[in-house]
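The chain contents come next:
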Amino acid sequence: LALVRECLAVNRPGVYQIQAAVNAVHTTARTSADTDWAQIAALYAQLLAISPSPVVALNRAVAISELDGPAVGLAAVDQLALDTYHPWHVTRAELLRRLDRPADARAAYDAGDTTARSVGSPRPPTTTGSPSSSGWRSISTAAMNWSRSTCSTQDVGPLTGPVPAVPLGLPG
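Think of each chain on its own: its residues are numbered from 1, step by step along the sequence as written. Totals for whole chains, interfaces and linings use every residue, but because this is a predicted model, local features are given only for residues with pLDDT of at least 70 and side-chain atom pairs only at 80 or more, for both listing and counting. Hydrogens and water are ignored here; the side-chain numbers use all heavy atoms of the structure.

### Considering the overall build of the protein
The way it works is that DSSP assigns letters per residue, a run of H or I at least four long becomes a helix, a run of E at least two long becomes a strand, and they are numbered from the N terminus. Scanning the protein from terminus to terminus reveals eight helices and zero strands. The linear arrangement of helices and strands in the protein, starting from the amino end, is α-α-α-α-α-α-α-α. Going through the 172 residues of the protein one by one, you find that 38% of them count as buried. The contact rule is simple, with two residues in contact once any of their heavy atoms fall within 4.5 Å. Taking the intrachain contacts of the protein between residues at least 6 apart in sequence as the baseline, contacts between residues at least 24 apart amount to 63%. Each accessible area is a Shrake-Rupley estimate made with a 1.4 Å probe; only the visible protein chains count as cover when residues are assessed. Only carbon and sulfur atoms are counted for the fraction: they give 54% of the accessible area of the protein, which is about 9,500 Å². Burial here depends on accessible area, computed with a 1.4 Å probe over protein chains only, as a share of the maximum for the residue type. Under 20% is buried, over 50% is exposed, and the range in between is partly exposed.

Printed below as a string of structure tokens:
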């Protein structure tokens, strides 16, 4: 955390510093309920400002759903053009499940499974029964494992403009 704080103290964090800050907030929370979702949402908003992508917007939508509920999160998710991205379907499915829409949730899980198979990526680990109320950690793990196996990381290069100031209160 000290290194993350040091990088953020100059008030010009880059993509990797913001991602490290998101990770720090997640890893210092003992449970999903203990996670500072407002901080996570603020960090993703800042990341969107310097490196906009629909995947970052999806991650922010997850944080927003924790703050404002699954209906608000689903509305944000449904605005994203990510229907060929497996984690988008899984996120939709979890939000639909939380909204007590089991048929729609099952269809979204099935669409995610079909999408994962169509791109030749490995299927995420399965669980027995329904995802738990703290399902984001399992969803995140499955999404990260899927991403690691199918995506490569590239350097995004130097920043090309001012970064909007967002309070970055890291835990501890």
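### Digging into the packing of helix H3 (residues 37-50) against helix H4 (residues 54-68)
Working convention: axes come from line fits to C-alpha atoms, limited for helices to the stretch in contact. Angles between N-to-C directions cover 0 to 180 degrees. Two elements in contact, H3 and H4, have axes separated by 9 Å at closest approach and are oriented at 155°. The angle between H3 and H4 falls in the class roughly antiparallel. Considering how the two elements wind past one another, H3 and H4 form a crossing that is left-handed. Contact residues: H3 offers Trp-37, Ala-38, Ile-40, Ala-41, Tyr-44, Ala-45, Leu-47 and Leu-48, while H4 offers Val-56, Ala-57, Asn-59, Arg-60, Ala-63, Ile-64, Glu-66 and Leu-67. Three residue categories are used. Nonpolar comprises Ala, Val, Leu, Ile, Met, Phe, Trp, Tyr, Cys and Pro, charged comprises Asp, Glu, Lys and Arg, and polar comprises the others, including Gly. When the residues that make up the contact of H3 with H4 are grouped by side-chain class, the tally is 13 nonpolar, one polar and two charged. Angles are sorted into four bins: roughly parallel if under 35 degrees, roughly antiparallel if over 145, roughly perpendicular if 65 to 115, and oblique for all others. Crossing chirality is assigned from the near helix's rotation relative to the far helix, an anticlockwise turn below a right angle marking it left-handed and a clockwise turn marking it right-handed.

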